[in-house]
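# Summary of the model geometry
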Amino acid sequence: MENQYNYYNNNQENSDNSYQYGGQYSQQPQQDPRPQKEKKPRKKMPKAVAVTGLALLFGVVSSATFLTSNIIGEKILGLDDSSRNTSSSTKSVNSNASLSQTSSVVTSDVSDIVDRVMPSIVSITNMSVEEVRSFFGGVTEQTSESAGTGIIISQNDSELLIVTNNHVVEGSNTLTVTFEDETSVEANIKGTNAEHDVAVIAVPLESIPDETMDVISVATLGDSTALKVGEPAIAIGNALGYGQSVTTGVISALNRSVSETDSQTGQTVESSAKLIQTDAAINPGNSGGALVNASGEVIGINSSKLIGETVEGVGYAIPISDVSDLIQELMNQETKTKVDEADQGVIGITGMDVPAEYSEQLNMPNGVYVTEVSPNGGAAAAGMTRGCIITAINGTSVDSMSALQEQLQYYAKGETVTLTIQVPQTNGEYAEQSVEVTLGAKE
């Protein structure tokens with residue numbers, strides 16, 4: 001007999017729901033008597049948005065998977081790449097090139113060098129008296145003051161010797177030297193050389209207090225022939241007459257020749273010296289001061305005279321090695337003290353400056369051209385003739401009549417001096433001679 005299970009449904013008559021084991025499932029649709037809500041039509045997502053979302057999801061999952069695999073490889077499996085070591089000072093670029101880095105720090109602190117050098121630097125004040133002719137024909141004396149710098153280079157039994165520029169001491173009536181401790185004393189000319197713009201002055205040791213001698217020192221001279229462009233350079237000097245100051249820079253160029261204006265003739269003259277060029281500031285008052293290297297050695301003598309008014313960032317210094325022999329020669333000269341004007345001697349000539357254009361075009365030496373020789377003077381007695389050119393007196397070079405007259409202030413009538421003269425030859429050349437001249441009295 002066949003088993004049949006019938007379920008009665010109160011809500012629908014004649015409905016026949018039957019479940020038959022081993023047979024097919026059959027169900028008649030039923031109608032829900034409860035009120036039905038109206039279904040809103042479902043909006044379809046645009047295909048472009050769907051595609052973009054799937055792409056983003058894929059990217060996030062891929063990235064997470066990649067990072068996870070790297071972490072597992074480096075931390076768990078010990079596959080850490082040594083090329084990523086951050087302590088290395090070289091970043092790899094490719095198999096053939098690399099960028100080198102260093103942790104060293106460049107410093108511009110030169111205070112230790114300045115502390116060593118400053119006791120050997122002095123300020124120089126030049127007091128001079130000039131005769132000025134007034135509009136009405138009268139002559140008055142006018143006092144002027146200029147400032148410069150010097151370098152203590154030696155000491156003998158009785159004097160402290162200081163090198164500076166010739167133009168710093170030129171035309172002086174009184175020279176005053178001020179040391180680092182602000183002590184000021186008078187100085188005398190030892191020797192000058194106008195051609196190379198170098199001079200040596202001397203201060204008597206007896207005039208320097210013991211306390212000052214304890215704080216000053218002698219400078220160490222370096223080798224300017226070993227300089228290289230780009231080396232550090234430090235300029236120390238009495239800039240603008242305000243006292244010692246320091247500027248820093250580098251060696252910009254070597255063996256420079258520059259043009260300068262002759263103060264007497266107004267002519268532009270090409271400097272014969274080969275100079276050090278630096279971008280360390282060199283101003284009026286720095287003349288005669290020290291240009292030093294990173295070891296505190298003096299490698300040059302600064303000269304503000306060689307700086308043009310329209311030039312910025314360029315200064316010049318006389319290489320110390322080029323003038324070391326000349327400085328030694330000037331140091332060995334007898335210290336000069338001025339003689340009373342009434343007692344000063346004369347050579348017995350009339351002379352004039354050799355113009356710069358004549359010196360260049362006619363190959364004439366710089367000096368004093370003798371236009372006339374006094375018949376009964378010392379020059380005539382020594383055999384000097386018209387046309388000779390005086391270039392030095394007792395080893396001190398003179399390049400103008402004013403320079404010769406300045407030197408004669410140190411010699412009294414009756415003294416004998418050695419004049420270096422250039423004598424014209426028949427072939428247009430000049431031959432150098434030395435003559436002994438006994439100075440006569442002023443008329």
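Residues numbered from 1 in each chain as written. Predicted model: local features only at pLDDT ≥ 70, side-chain atom pairs only at ≥ 80, totals over all residues. Heavy atoms only, no water.

## Topic: the pattern of salt bridges
Just so we agree on the cut-off: The rule for a salt bridge is simple: a side-chain nitrogen of Lys or Arg has to be within 4 Å of a carboxyl oxygen of Asp or Glu. Secondary structure elements follow DSSP: runs of H or I no shorter than four residues count as helices, runs of E no shorter than two count as strands, and numbering proceeds from the N terminus.
Using the criterion set out here, one finds 1 salt bridge in the structure. The residue Glu159 makes a salt bridge to Lys190 at a minimum N-O spacing of 3.0 Å. In this pair, Glu159 sits in strand β7 (residues 159–164) while Lys190 sits in strand β9 (residues 184–193), placing the two residues 31 residues apart along the sequence.

## Concerning the confidence of the model for the chain
Stated formally: The pLDDT value tells you how sure the predictor is about a given residue, anywhere from 0 up to 100. We call two residues in contact whenever any of their non-hydrogen atoms come within 4.5 Å of each other.
Looking at the chain, the pLDDT average stands at 78 and 67% of residues meet or exceed 70. Between residues 102–107, whose pLDDT stays under 50, and residues either more than four places distant or in other chains, the model counts 0 contacts.

## Describing the pairing of strand β10 (residues 198–204)
To be explicit about the condition: To sort residues, take the accessible area from a 1.4 Å probe on protein chains only and compare it with the maximum for the residue type: under 20% means buried, over 50% means exposed, and anything in between is partly exposed. Two strands pair if DSSP finds at least two bridges between them.
With 6 of its 7 residues buried, β10 lies for the most part within the structure. Of the strand pairs in this sheet, β7 and β10 are connected by 6 bridges, and their pairing is antiparallel. By the bridge assignment for β10, Leu160 is matched with Val203. Pairing between β9 and β10: 5 bridges, direction antiparallel. What sits directly across from Thr192, in β10, is Ala199. Taking the residues that link successive antiparallel strands as the turn, the β9-β10 hairpin has 4 residues, and the phi of Asp197 there is positive, at about 55 degrees.

## Observations regarding the nonpolar core
The condition is simple: Here the nonpolar core consists of buried residues drawn from Ala, Val, Leu, Ile, Met, Phe, Trp, Tyr and Cys, with membership extended through side-chain atoms lying within 4.5 Å.
Ranked by internal contacts, the top residues of the largest apolar core, which has 43 residues, are Met384, Ile390 and Leu419. Counting 30 residues, the second largest nonpolar core, distinct from the first, contains Val110, Val117, Ile153 and Val298.

## Some details on unusual backbone geometry
Working note: non-glycine residues mostly have negative phi, and peptide bonds are mostly trans. With a phi close to 75 degrees, Glu182 is a non-glycine residue in the positive phi region. Owing to a relative accessible area of 64%, Glu182 belongs among the exposed residues under this scheme. Of note in this structure, Asn255 is not a glycine but carries a positive phi near 60 degrees. Residue placement: Asn255 occurs in strand β12 (residues 245–256). Overall, Asn255 belongs to the exposed group, its relative accessible area being 59%.

## Structural notes on the environment of Tyr242
Its location among the elements puts Tyr242 in the loop between β11 (232–237) and β12. On the accessibility criterion, Tyr242 (73% relative accessible area) is exposed. Separated by 95 residues in sequence, Tyr242 and Ala147 have C-alpha atoms that sit 9.0 Å apart.

## Brief notes about the sheet that holds strand β17 (residues 298–302)
Quick note on the threshold: An axis is simply a line fitted to the C-alpha atoms; with a helix, the fit covers only the stretch in contact. Between two such axes, the angle follows the N-to-C directions and lies from 0 to 180 degrees.
Spatially, the 6 strands close up into a barrel ordered β11-β12-β15-β18-β17-β16, and their pairing is antiparallel. Across the sheet, the mean angle from the axis of one strand to that of its neighbour is 45 degrees, orientation sign disregarded.

## Digging into helix α5 (residues 320–331)
Selection criterion: As used here, the arc belongs to the directions running from the helix axis to the C-beta atoms.
Taken together, the buried positions of α5 are occupied by Ile320, Val323, Leu326, Ile327, Leu330 and Met331. Viewed along the axis of α5, the buried residues span an arc of 140 degrees, placing them on a single side of the element.

## As for the side chain of Asn238
With respect to the element layout, Asn238 can be found in the loop between β11 and β12. Take Asn238: its relative accessible area is 3%, and that puts it in the buried class. If we skip the residues at most four places from it in the chain, Asn238 touches Ser123, Ile124, Ala147, Gly148, Thr149, Gly243, Gln244, Pro284, Gly285 and Asn286.

## Here's the deal with a negative patch on the surface
Applicable threshold: Only residues above 30% relative accessible area that lack a salt bridge enter a patch, with like-charged residues linked at up to 9 Å and the nonpolar side chains Val, Leu, Ile, Met, Phe, Trp and Tyr linked at up to 5 Å. Note on areas: Shrake-Rupley, 1.4 Å probe, and residue coverage restricted to the protein chains presented here. His is not counted, nor are the chain ends, whereas Lys and Arg count as positive and Asp and Glu as negative. Working definition for charges: the position is that of NZ of Lys, CZ of Arg, CG of Asp or CD of Glu.
A cluster of acidic residues, Asp109, Asp112, Asp115, Glu180, Asp181, Glu182, Asp210, Glu211 and Asp214, forms a negative patch on the protein surface. Sorting the residues of the negative patch by element identifies α2 (111–117) and α4 (210–215) as the ones contributing at least two each. Tracing the sequence through the fold places Glu211 in helix α4. Look at Glu211 and you get exposed, because its relative accessible area is 58%.

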